[in-house]
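Remarks on the overall topology
Below, each chain spelled out in residue letters.
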Amino acid sequence: MIKPKTRPAKTTNERMIKVNHAGENGAVSIYRAQSWMVRWRTPKLLPQILENLTHEKQHREIFKAYLAKRNIRRCVSYHLCGIGGTFLGLVTGIIGGKAIAATTYAVESVVLQHLETQLAYLQIHDLEAYEAVCLIIADEQAHHDQALLALKGTNFWTRGIIKIVRLSTEFVIRFGMRSPLKN
Ligand SMILES: [Fe+2]
Ligand SMILES: [Fe+2]
């Protein structure tokens, strides 16, 4: 079967979903790499990480389906998110539970803020994209809340991780949302 020719995302709503798709690939990569590390470092954390990994794979599929339906090309940052996420997952997985919680908390707090902004826009401009985002919000909120609970009092290192991860997540979103010249 011949694959249809893909096109770049043109509108703000399409760019939002393209960025979400790349971000979910990053989230899958973080949890997958953490799952490899906690198997031998802190096995009690494994069930929760595997459950979150399952959610992130579902989220990635939701956005992938939206893009596929419109023949929209995935974000140029898709593989970058995968590589960055794997690196982050490996490092924090080795450090242990607090570093894992700090990473999840940092990613999800930025993501939830952006999803709220997206919902307000998409409700008016693109109901299909709106419904796709609605499908993932409860999971992201649950990941955020679990992580916050597990953090219980930050220290110098967890504060550092939170800052770096927040900035990286913001960067990925801004980079993906820029007006595309050739993506
Ligand atoms: Fe997600
Ligand atoms: Fe999540």
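Predicted model only: the values in this text are computed from it and were never measured.

Turning our eyes to something else, we now look at the overall build of the protein chain. Of regular secondary structure, the protein chain possesses 6 helices and 0 strands. Dimensions along the principal axes, computed over C-alpha positions, put the protein chain at roughly 45 × 35 × 25 Å. Taking all 183 residues of the protein chain together, 37% fall into the buried category. A separation of at least 24 residues holds for 85% of the contacts in the protein chain among residues at least 6 apart in sequence.

With that out of the way, let us pick up helix H2 (residues 46–69). The terminal C-alpha atoms of H2, which comprises 24 residues, lie 35 Å apart, in line with the 34 Å expected from a rise of 1.5 Å per residue. What H2 keeps buried is the set Ile49, Asn52, Glu56, His59, Arg60, Phe63 and Tyr66. The inward-facing, buried residues of H2 abut helix H1 (12–41) and helix H5 (127–151). Just downstream of H2 lies Asn71, where phi reads positive at about 55 degrees.

On to the packing of H1 against helix H4 (residues 97–125). Between H1 and H4, the shortest axis-to-axis distance is 11 Å and the interhelical angle comes to 160 degrees. For the element pair H1 / H4, the angle class is roughly antiparallel. Taken as a pair, H1 and H4 cross one another with a handedness that is left-handed. Here Thr12, Asn13, Met16, Gly23, Ala27, Ile30 and Gln34 of H1 come into contact with H4, specifically with Ile100, Thr103, Val107, Val111, Gln118, Tyr121, Leu122 and His125. A class-by-class count of the residues in the contact of H1 with H4 yields 8 nonpolar, 7 polar and no charged.

Attention shifts here to the packing of H4 against helix H6 (residues 156–177). The interhelical angle for the contact between H4 and H6, taken along N-to-C directions, is 35 degrees, at an axis separation of 8 Å. For H4 against H6, the interelement crossing comes out right-handed. Judged by residue contacts, Lys98, Ala99, Ala102, Thr103, Tyr105, Ala106, Val107, Val110, Val111 and His114 of H4 engage Thr158, Ile161, Ile162, Val165, Arg166, Thr169, Glu170 and Ile173 from H6. Looking at the contact of H4 with H6, its residues break down into 11 nonpolar, 4 polar and 3 charged.

Right, let's get into helix H3 (residues 78–95). Compared with an ideal rise of 1.5 Å per residue, which puts 18 residues at 26 Å, H3 spans 26 Å between its outermost C-alpha atoms and is within 8% of the ideal. Taken as a whole, H3 has its buried residues at Cys81, Gly85, Leu88, Gly89, Thr92 and Gly93. For H3, the arc enclosing every buried residue in end-on projection is 125 degrees, short of the 170-degree limit, so these residues lie on one face. Summarising the contacts, the buried residues of H3 are in contact with H1, H4 and H6. Backbone geometry just after H3 places Gly96 at a positive phi near 125 degrees.

Formed by 36 residues in total, the largest nonpolar core has its most connected members in Ile17, Ala102, Ala106, Ala129, Ala132 and Val133. Secondary-structure elements contributing two or more residues to this core are H1, H2, H3, H4, H5 and H6. Per element, the largest residue contribution to this core is 11 residues, and it comes from H1. With near-sequence residues (within four places) excluded, Ala102 lies in contact with Leu151, Thr158, Ile161 and Ile162.

Looking now at unusual backbone geometry. Positive phi, close to 55 degrees, is recorded for Asn71, a residue that is not glycine. Its location among the elements puts Asn71 in the loop between H2 and H3.

Confidence along the protein chain averages 93 in pLDDT terms, with 97% of residues attaining 70 or more. Across the protein chain, the secondary-structure element scoring lowest on mean pLDDT is H6, at 91, and the one scoring highest is H2, at 98.

Turning our attention to the environment of Gln146. Secondary-structure assignment places Gln146 in helix H5. Gln146 sits 42 residues away from Thr104 along the chain, and the two C-alpha atoms are 8.8 Å apart.

What counts and what doesn't
Residues numbered from 1 in each chain as written. Chains lettered and ligands numbered in written order. Predicted model: local features only at pLDDT ≥ 70, side-chain atom pairs only at ≥ 80, totals over all residues. Helix = DSSP H or I, 4+ residues; strand = E, 2+ residues; numbered from the N terminus. Buried ≥ 20, exposed ≤ 12 C-beta atoms within 10 Å, placed from the backbone. Contact = placed C-beta atoms within 7 Å. Expected span 1.5 Å × (residues − 1). Axes fitted to C-alpha atoms, helices over the stretch in contact; angles between N-to-C directions. Parallel < 35°, antiparallel > 145°, perpendicular 65-115°, else oblique. Left-handed = near helix turned anticlockwise from the far one by under 90°. Nonpolar A, V, L, I, M, F, W, Y, C, P; charged D, E, K, R; others polar. Arc of directions from axis to C-beta. Core = buried A, V, L, I, M, F, W, Y, C linked by C-beta atoms within 7 Å. pLDDT = per-residue confidence, 0-100.

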